[in-house]
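Understanding the architecture of this molecule
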Amino acid sequence: PLTFISEQLLAATTKRDSCCSCPIMMEVFLGDLPQNEWNFVAATVTPESITKNHNRSPEDTFVYMLGRSFYEYCAPPSSLDISYSLVAVHWMKSYAGDLPSGLYATDPRHVPESELLQAWRDAGAQDFLDFTEARHRELKAGGAFIGAIAC
């Protein structure tokens, strides 16, 4: 997934580089909860790993790690050209009640109580709305959001 996104970013900036004499800086923000294993991320996602095999200098690429929930704003308003989320929103921020199975909160086969099932569906819908509104606010006009959502 990171390879795909870095290729898209690099292709976009390379196209723009041909029209301009100055290098285009690329900033990559990685967001997850503060308790994430950030040392592994820092060792794996580097300017060199992003620009490897591309005609781009790692000196023009910056990687930042943001320890906060993706249900919150993760960047200033109208600041991002491209926003990408990989398998995030199946981790809900809301809690709608104890589940008998512990899994598949919106599946009637796992939550036979209709009121509890609807409470989880409503919570999931609100979480998804919060997530998409935050990403929308962060994008510049004409920006793009790419999301991969687990089912």
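These remarks concern the structure in this document. (Residues numbered from 1 in each chain as written. Predicted model: local features only at pLDDT ≥ 70, side-chain atom pairs only at ≥ 80, totals over all residues. Heavy atoms only, no water.)

Our focus in this paragraph is the overall build of the chain. Tallying secondary structure elements over the chain gives 4 helices and 4 strands in all. Starting at the N terminus, the α and β elements of the chain follow one another as α-β-α-α-β-β-α-β. By the burial criterion, 28% of the 151 residues in the chain qualify as buried. Look at the contacts in the chain between residues 6 or more apart in sequence, and 65% of them connect residues 24 or more apart. Carbon and sulfur atoms make up 57% of the accessible area of the chain, which totals about 9,900 Å². (Helix = DSSP H or I, 4+ residues; strand = E, 2+ residues; numbered from the N terminus. Buried < 20%, exposed > 50% of the residue type's maximum accessible area, 1.4 Å probe, protein only. Contact = heavy atoms within 4.5 Å. Areas by Shrake-Rupley, 256 points an atom, 1.4 Å probe, with all protein chains shown as cover.)

With 7 residues, the main nonpolar core is built from Met26, Val28, Leu30, Trp38, Val41, Val45 and Ile50. At the level of secondary structure, the elements contributing two or more residues to this core comprise β1 (26–32) and α2 (38–44). Looking at which element gives the most residues to this core, the answer is β1, with 3 residues. Residues contacting valine 41, with those up to four places away along its chain left out, are Leu30, Asn36 and Met65. (Core = buried A, V, L, I, M, F, W, Y, C linked by side-chain atoms within 4.5 Å.)

A contiguous nonpolar patch, built from Met25, Phe29, Phe62 and Tyr64 and spanning about 380 Å² of accessible area, is present on the exposed surface. By secondary structure assignment, the location of methionine 25 is in the loop between α1 (2–17) and β1. Under the relative-accessibility criterion, methionine 25 is labelled partly exposed at 46%. (Patch = residues over 30% accessible without salt bridge, like charges linked within 9 Å, V, L, I, M, F, W, Y side chains within 5 Å. Salt bridge = Lys/Arg side-chain N within 4 Å of Asp/Glu carboxyl O.)

Moving on to the environment of methionine 92. Here methionine 92 is to be found in the loop between β3 (80–86) and α4 (114–138). Expressed as a C-alpha distance, the spacing of methionine 92 and glutamine 126, which sit 34 residues apart in the sequence, is 9.8 Å. For methionine 92, the residues in contact, after removing those within four places along its chain, are Tyr71, Trp120, Ala123, Gly124 and Asp127.

What follows deals with unusual backbone geometry. One non-glycine residue with positive phi stands out, namely serine 78, at about 55 degrees. With respect to the helices, strands and loops of the structure, serine 78 is situated in the loop between β2 (61–67) and β3. Its relative accessible area of 48% is what places serine 78 among the partly exposed residues.

On to the pattern of salt bridges, then. Evaluated as defined, the whole model comprises 5 salt bridges. A salt bridge links arginine 68 to glutamate 72; the nearest nitrogen and oxygen atoms lie 3.1 Å apart. On the basis of relative accessible area, glutamate 72 is assigned to the partly exposed category, the value being 35%. The residue aspartate 107 makes a salt bridge to arginine 109 at a minimum N-O spacing of 2.8 Å. Taking relative accessible area as the criterion, aspartate 107 reaches 15% and is therefore assigned buried. The class of arginine 109 is exposed, set by a relative accessible area of 72%.

As a further point, take the side chain of threonine 51. Within the secondary structure, threonine 51 sits in helix α3 (residues 47–51). On the basis of relative accessible area, threonine 51 is assigned to the buried category, the value being 3%.

Let us now look at the packing of aromatic side chains. Taken as a whole and assessed by the stated rule, the structure comprises 7 aromatic pairs. Taking the centre distance of 4.8 Å and the plane angle of 50 degrees together, the rings of phenylalanine 70 and tyrosine 71 count as tilted. Measuring from centroid to centroid gives 6.3 Å for tyrosine 71 and phenylalanine 131, while their planes differ by 70 degrees, and the two rings are edge-to-face. One end of the pair, tyrosine 71, is in the loop between β2 and β3; the other, phenylalanine 131, is in helix α4, and 60 residues separate them in sequence. Taken together, the aromatic side chains of Phe70, Tyr71, Phe128, Phe131 and Phe145 make up a single cluster linked through ring pairs. Arginine 137 extends its terminal NZ or CZ atom over the ring of tyrosine 73, reaching a point 3.8 Å from the ring centre. (Phe/Tyr/Trp six-rings, centres within 6.5 Å; stacked < 30°, edge-to-face > 60°. Lys NZ or Arg CZ within 6 Å of the ring centre and 35° of its normal.)

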